[in-house]
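Residue strings, one per chain:
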Amino acid sequence: MAETIIIRVQSPEGVKRITATKRETVATFLKKVAKEFGFRNNGFSVYTNRNRTGEITASQNKSLNLLKIKHGDMLFLYPSSPAGCSSETMDTSVSQGLRPVGAPQVVEDEIDQYLIKQDGKIYRNRDQQLCRHGPLGKCVHCVPLEPFDEDYLNHLEPPVKHMSFHAYIRKLTGGADKGKFVALENISCKIKSGCEGHPPWPEGICTKCQPSAITLNRQKYRHVDNIMFENHTIADRFLDFWRKTGNQHLGYLYGRYTEHKDIPLGIRAEVAAIYEPPQIGTQNSLEILEDPKAEVVDEIAAKLGLRKVGWIFTDLVSEDTRKGTVRYSRNKDTYYLSAEECITAGNFQNQQPNICRLSPDGHFGSKFVTVVATGGPDNQVHFEGYQVSNQCMALVRDECLLPCRDAPELGYAKESSSEQYVPDVFYKDIDKFGNEITQLARPLPVEYLIIDITTTFPKDPVYTFSISQNPFPIENRDVLGETQDFHSLATYLSQNTSSIFLDIISDFHLLLFLVTNEVMPLRDSISLLLEAVRTKNEELAQTWKKSEQWATIEQLCSTVGVQISGLQEYGAMGGSTHAVSAAMWACQHCTFMNQPGTDHCEMCSLPRT
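As named in an unreviewed UniProt entry, the protein chain is Nuclear protein localization protein 4 homolog, taken from Aquila chrysaetos chrysaetos. The record held by UniProt for the protein chain lists under Pathway (unreviewed entry) the comment "Protein degradation; proteasomal ubiquitin-dependent pathway." Per its UniProt entry, the protein chain bears the Subunit (unreviewed entry) comment "Heterodimer with UFD1. The heterodimer binds ubiquitinated proteins. The heterodimer binds to VCP and inhibits Golgi membrane fusion. Interacts with ZFAND2B; probably through VCP."

Listed below in structure tokens is the structure:
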């Protein structure tokens, strides 16, 4: 019987062991390799050296013994490059070479695709004192730095504790292999399914299906490096709710991701609008209610070139109403985010995953941010930005993390039960003697889960939407007496008499009302107007203004008793609006348009007055 040997084959997926014989032909051996790694055709090459030299070609005449392949040898498998891709393209662009074998084909965000193509290096000028070479030379004092250079980041003002996510990817994919074996694995705290060697949990568990213990580390990178509100008006209108009621409030941030040039390969979340969902707020708590309009809001935002980039909530307590100061409550002596807020942020981040080509799952981490409006050291309102780490996202996703009721700064890792197995969670701390010790995360300081992000306002304000002295009411503020209806729309139109229709209609909350109102929703006929607002095209806006839908909106506004400038020029059919409104009347109860001469509504049968 021929002597059996085991040959190791290393690929981007990992190392696998192939059983063969010394007299086995190379062709037979390569068929075993293809079957083991799941290749159908000759879509791979096998080499004896890591640097892709000594290729082993399929041959029926040559045996493994003839090629001097012995028991325990390591061979190296590389998937074939896509046709037409040069080596230069593979190094610098979005390519198959930087995608793990078996990972799904994904389309990353536009900002990610842009940053992948950037050089990212930090260029330095020639040092007059230290550089001894000519103007075309380079030395250690002026050679370009990599975007993940820690010394450079630490010497910025202010120092940067976390490198950008794309700088982290450059660090992983640098070197001779260009990241061929890099795979960003998502953490799982659940038992792997499909293990048939024992009864299911809680009767049995083994090392193959048992999730690994987790040691919490402070994340070295962050997916978003800066949060910027386009202008102060966005934040001021959001804070008005707290100023008028004293109750805390919450909203979703809609905007876009752009390049943040202050940090190498950085990403900035620009906030253009805040949507306020249904909620119940008190002075000390917030409860988010189910929002039936959430899907529509995301759809309208997408057509406006926006997306949900984060959430914001207030934690404000007035200290001196005469001075307008607020209490400074979140600091190093208390907490920056409570455990409950970390869990909520982790849940939101899991709902908005970051598409990533280097992950076998097609996603890794999240760009979704958290902003807290709270008191600062000067007792004024400050906006603080955060994210939670990928480890926190995994603990929240698999329901392993709980808040502590009496200590908001502490979380608690659940213990295993008959319904759920929870891996051990540890964190490292320093004891009173200065020694590093490992602690079980029961309880857990949430500082290990938080990543802080700078929140700013630009020197030169940016306006995606127009700003009015008399803005349209914000949604879901009925508790303030601010309602979105056709009376408020008529009042808004009467107070804004600009000759530029785009300036009047370019209001995020107004556009949402036009789409979601129950009397005449325009979800299927507002695309042209949204495109006009997105591109700031007045001609498109005027074209939509002449449509039958807007004429009907004007007709409904004219029946609520508010005199609107400019609506007398034309009605729904191009005639006099005043004449039509004098003939027909709208029911105050159901808004049905009734024929003249009737005292009761034809729809609901209620009296006219």
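Caption draft 1: Structural detail: the overall build of the protein chain. A tally of helices and strands in the protein chain yields 16 helices and 28 strands. Structurally, the protein chain occupies a C-alpha span of about 105 × 75 × 65 Å along its principal axes. Looking at the protein chain residue by residue over its 609 residues, the buried ones come to 44%. A sequence separation of at least 24 residues applies to 65% of the contacts in the protein chain between residues at least 6 apart. Surface exposure of the protein chain reaches about 32,600 Å², of which carbon and sulfur atoms provide 49%. For the protein chain, the distance from the average position of its 63 positive side-chain charges to the average position of its 75 negative side-chain charges is 11 Å.

Caption draft 2: View of the packing of helix H10 (residues 486-495) against helix H12 (residues 508-516). Close contact between H10 and H12 brings their axes to 12 Å; oriented N to C, the two are set at 140°. In terms of orientation, H10 lies oblique with respect to H12. Crossing of H10 over H12 shows left-handed handedness. On H12, the residues touching Phe-486, Leu-489 and Tyr-492 of H10 are Leu-510, Phe-513 and Leu-514. Class assignment of the residues belonging to the contact of H10 with H12 gives a composition of six nonpolar, no polar and no charged.

Caption draft 3: The side chain of His-509, seen in detail. Checked against the element boundaries, His-509 lands in helix H12. With near-sequence residues (within four places) excluded, His-509 lies in contact with Arg-237, Ile-274, Phe-472, Pro-473, Ile-474, Glu-475 and Gln-484.

Caption draft 4: Local environment of the packing of aromatic side chains. Counting across every chain of the model gives 20 aromatic pairs. With 5.1 Å between their ring centres and 75° between their planes, Trp-201 and Tyr-421 make a pair best called edge-to-face. Pair noted here: Trp-201 is in the loop between helix H5 (165-173) and strand E7 (214-216) and Tyr-421 is in the loop between strand E22 (410-413) and strand E23 (425-430), with a separation of 220 residues, a long-range link. Residue classification places Trp-201 among the partly exposed positions, given a relative accessible area of 28%. For Tyr-421, a relative accessible area of 15% translates into the label buried. Its guanidinium or amino end placed over the ring of Phe-37, Lys-16 lies 5.0 Å from that ring's centre, counting from NZ or CZ. Lying over the aromatic face of Tyr-78, Arg-52 brings its terminal NZ or CZ to 4.1 Å of the ring centre.

Caption draft 5: Quick look at the domain arrangement of the protein chain. Assigned domains of the protein chain: these are domain 1 (4-79), domain 2 (216-398 + 447-456) and domain 3 (478-560). Using only C-alpha atoms to locate each centre, domain 2 and domain 3 end up separated by 29 Å. Counting from both sides, the interface comprises 17 residues of domain 2 and, opposite them, 15 residues of domain 3. Counting the surface lost from both domain 2 and domain 3, the interface buries some 1,500 Å², and carbon and sulfur atoms represent 72% of this. Area buried by domain 2 at its contact with domain 3 is led by Ile-300, Lys-303 and Leu-304, which between them contribute 37% of it. Our count for the contact surface shared by domain 2 and domain 3 stands at two salt bridges.

Caption draft 6: A look at the sheet that holds strand E21 (residues 401-403). Strands sit in the order E21-E22-E25 across an open sheet of three strands; the sheet is antiparallel. Of all the strands in the sheet, just E21 and strand E25 (444-445) have a single pairing partner and so form its edges. Both E22 and E25 contribute to a ladder of two bridges, which runs antiparallel. Each bridged residue has a counterpart across the sheet, and for Gly-411 the counterpart in E25 is Leu-444. Of the strands in this sheet, E21 and E22 touch helix H8 (residues 339-351), which is tilted by about 140° from E21.

Caption draft 7: Quick look at helix H13 (residues 527-535). All buried positions along H13 are accounted for by Leu-529, Leu-530, Ala-532 and Val-533. Down the axis of H13, the buried set is contained in an arc of 155°. They therefore lie on one face. Structurally, H13 contributes buried residues whose contacts are with helix H7 (294-303), helix H11 (501-505), H12 and helix H14 (538-545). Just past H13, the residue Lys-536 takes up positive phi, approximately 55°.

Caption draft 8: Focus on the nonpolar core. Counting 76 residues, the largest nonpolar core has Leu-489, Ile-505 and Leu-514 as its most contacted members. The greatest single-element share of this core, amounting to seven residues, is contributed by H12. Shared between two domains, this core takes at least three residues from each, and those domains are domain 2 (216-398 + 447-456) and domain 3 (478-560). Those residues in contact with Leu-514 that sit more than four places away from it in its chain are Leu-489, Ile-505, Met-520, Pro-521, Leu-522, Ile-526, Leu-529 and Ile-553. The next biggest cluster of nonpolar side chains, apart from the first, holds 26 residues, and it includes Ile-111, Ile-227, Leu-316 and Ala-373.

The rules behind the values
- Note that residues are indexed from 1 along each chain, following the sequence as it is written.
- Only residues with pLDDT of at least 70 get local features here, since the model is predicted, and only at 80 or more are side-chain atom pairs given and counted; chain-wide, interface and lining totals rely on the full set of residues.
- Side-chain descriptors were evaluated using all non-hydrogen atoms of the structure, hydrogens and water having been removed beforehand.
- UniProt positions are given in the numbering used here, feature names are shortened, and annotations may be inferred rather than shown by experiment.
- For the purposes of this entry, the term helix denotes a DSSP run of H or I that reaches at least four residues, the term strand denotes a run of E that reaches at least two, and both are numbered from the N terminus.
- For each residue, the accessible area found with a 1.4 Å probe, counting protein chains only, is set against the maximum for its type, and the residue is called buried under 20%, exposed over 50%, and partly exposed in between.
- By definition in these notes, contact holds between two residues if any of their heavy atoms fall within 4.5 Å.
- Only the protein chains shown count as cover for residues, with accessible areas throughout obtained via the Shrake-Rupley method and a probe of 1.4 Å.
- Note on charges: Lys and Arg go in the positive column, Asp and Glu in the negative column, and His and the chain ends are not counted at all.
- Note on charges: their place is set at NZ of Lys, CZ of Arg, CG of Asp or CD of Glu.
- Convention adopted: a line fitted to C-alpha atoms gives each axis, helices being fitted over their contacting stretch, and angles between N-to-C directions are expressed from 0 to 180 degrees.
- Oblique is the label for any angle not covered by the other classes, which are roughly parallel (under 35 degrees), roughly antiparallel (over 145) and roughly perpendicular (65 to 115).
- Note: crossing handedness is left-handed where the near helix turns anticlockwise from the far helix by less than a right angle, and right-handed where it turns clockwise.
- Nonpolar residues are Ala, Val, Leu, Ile, Met, Phe, Trp, Tyr, Cys and Pro. Charged residues are Asp, Glu, Lys and Arg, and all others, Gly as well, are polar.
- Aromatic rings from Phe, Tyr and Trp, with only the six-membered ring used for Trp, were paired whenever their centres fell within 6.5 Å, and each pair was classed as stacked if the ring planes differed by under 30 degrees, edge-to-face if by over 60, and tilted otherwise.
- Charge-over-ring contacts are defined here by two conditions on Lys NZ or Arg CZ: a distance within 6 Å of the ring centre and an angle within 35 degrees of the ring normal.
- The domain boundaries here were taken from an automatic or database domain assignment.
- Here the quantity called buried area is the accessible surface, traced with a 1.4 Å probe, that two parts lose on coming together, added over both.
- Between Lys or Arg on one side and Asp or Glu on the other, a salt bridge is scored when a side-chain nitrogen of the former is within 4 Å of a carboxyl oxygen of the latter.
- For two strands to be treated as a pair, DSSP must find at least two bridges joining them.
- For this quantity, the arc is that covered by the directions from the helix axis to the C-beta atoms.
- Throughout, nonpolar core names a set of buried Ala, Val, Leu, Ile, Met, Phe, Trp, Tyr and Cys residues whose side chains join them through atoms within 4.5 Å.

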